[in-house]
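For reference, the chains in residue letters:
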Amino acid sequence: MRYKQVYLDWLSHTPMPKDVFDELRDYFVERRGLPGALHQWGQWSKAALEHFIESTQEILGTKKPIRFSIGPELPEISKPILLSPIESKKVRRAVAKSNAEVFEMKMKGFEFDLEQAEIMLRENDVELIIATAADMVTGTRQPVEKLAKLAKKHNAKLMVELSALIGREKFLFDNLDADLGFINGLIIGAPCDLIIGTEPDQSFPLPLAAAFYKVMAHINDELDNKINNLKELEDYFVKLINLHLEGVERISGEKTVPGIVMLSFKGVPRGALSLAIDMQGIAVWAGDTFEGKIDELAAMGVKSEIAESAIRFTLWHDNTQDEIDYVLRVVPSIVERIRFETRKKP
């Protein structure tokens, strides 16, 4: 079998599209002037930054202010935070830096437990809820629209992480009815992050703002076709992996965003499988460490024997059927070999 390289870990890191990178050279090399500086270069940069802000707002479907940033920034609050247990480490680090008391939301299977969330809101005078629109482990679409209604009912603000939706679902942020939003640039191929609902930093480096906008514009171009292709590629992969192998279980809720596929291979340790297919040029995610549990799956109540055999395959617009065919040739034989070796052990 000819060795190929297939990248299926897009939710850990996505490289910048090459055509966007080529287009940005002028901003990183030729353009001068901090936005707002009084000379002509500064005034040009200020006008350009305002253009990137307005254009990004249009793509995201929001009239709220937006702020290009490095990392998430939480609003000033004096009361508790209600945090979902499936938030990204980047968001959790920001929460840990705050001085607010933090309560953890519970899960009901693969979705937020809204009844328990309302009890927490009522009993703890919560000021801010932080929740992801789609979790980045199983791809399950979360009921953030219903959570927004609960937040308003109890005079709390809702901050939604949108990273897993970008390029996978068409949405208008203002229709989510959330107060704040966050996009992790690392996941979409941008060199900075974005906060929705916070006033812009008028001195933010223009090249980074330009890069974020242009990456979003690249993703949004012919997005319907890209989403349909992702769905078709995912269906093809899931159908054929189940034809080639027994004992494969998909881990997810009923509604998922396309291109995020968490599979458990019965009796196969995730670390051994991940390393073996990595040796064949296929990059997947099997947790941040091979030791211990995957916290998000534990929070969803996934049985330990299923979680310990779970691998996440993430597909993106760049992946092809030829790449998936290679994965389908490689993975089943490795799974069967590991199962055979496991059965041989006394």
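A brief structural summary. (Residues numbered from 1 in each chain as written. Predicted model: local features only at pLDDT ≥ 70, side-chain atom pairs only at ≥ 80, totals over all residues. Heavy atoms only, no water.)

1. Brief notes about the packing of aromatic side chains
Part 1 of the reasoning: One pass over the structure, following the stated rule, counts six aromatic pairs.
Part 2 of the reasoning: Geometrically, the ring pair formed by Tyr7 and Trp10 is edge-to-face, given 4.9 Å between the ring centres and 85 degrees between the ring planes.
Part 3 of the reasoning: A residue is classified by how much of its surface remains accessible, and Tyr7, at 29% relative accessible area, is partly exposed.
Part 4 of the reasoning: For the pair Phe52 and Tyr213, a centre-to-centre distance of 5.6 Å together with 25 degrees between the ring planes defines the contact as stacked. Placement of Phe52 in helix α2 (residues 40-60) and of Tyr213 in helix α8 (residues 206-220) is noted, with a sequence separation of 161 residues between them. Tyr213 shares its class with Phe52; the two are buried. (Phe/Tyr/Trp six-rings, centres within 6.5 Å; stacked < 30°, edge-to-face > 60°. Buried < 20%, exposed > 50% of the residue type's maximum accessible area, 1.4 Å probe, protein only. Helix = DSSP H or I, 4+ residues; strand = E, 2+ residues; numbered from the N terminus.)

2. What to know about the nonpolar core
Part 1 of the reasoning: With 78 residues, the main nonpolar core has Phe68 and Ile129 as its most contacted residues.
Part 2 of the reasoning: Looking at which element gives the most residues to this core, the answer is α8, with ten residues.
Part 3 of the reasoning: Counting residues in hydrophobic clusters, the runner-up holds 32 residues, among them Val6, Leu273, Ile324 and Ile338. (Core = buried A, V, L, I, M, F, W, Y, C linked by side-chain atoms within 4.5 Å.)

3. Focus on the pattern of salt bridges
Part 1 of the reasoning: Counted by the stated rule, this structure contains 16 salt bridges.
Part 2 of the reasoning: A salt bridge links Lys18 to Asp22; the nearest nitrogen and oxygen atoms lie 2.9 Å apart. Taken together, the residues span about one helical turn, with Lys18 and Asp22 both in helix α1 (residues 18-30) at a distance of four residues.
Part 3 of the reasoning: Among the residues examined, Lys18 registers a relative accessible area of 63% and is labelled exposed. (Salt bridge = Lys/Arg side-chain N within 4 Å of Asp/Glu carboxyl O.)

4. Quick notes on unusual backbone geometry
Glycine aside, residues mostly have negative phi angles, and peptide bonds mostly take the trans form.
Part 1 of the reasoning: With a phi close to 50 degrees, Asp125 is a non-glycine residue in the positive phi region.
Part 2 of the reasoning: Positive phi, close to 55 degrees, is recorded for Glu222, a residue that is not glycine.
Part 3 of the reasoning: The topology assignment puts Glu222 in the loop between α8 and α9 (223-244).

5. Some thoughts on the sheet that holds strand β12 (residues 260-265)
Part 1 of the reasoning: Judged by pairing direction, the sheet is antiparallel, and its three strands sit side by side in the order β11-β12-β14 without closing on themselves. Whereas interior strands pair on both sides, the edge strands pair on one side only; in this sheet they are β11 (248-250) and β14 (310-314). The sheet shows a mean angle of 30 degrees between the axes of neighbouring strands, taken without regard to direction.
Part 2 of the reasoning: Sheet topology note: the β11/β12 ladder contains three bridges and is antiparallel. (Pairing = 2+ DSSP bridges. Axes fitted to C-alpha atoms, helices over the stretch in contact; angles between N-to-C directions.)

All we've got here are geometric facts, nothing functional implied.
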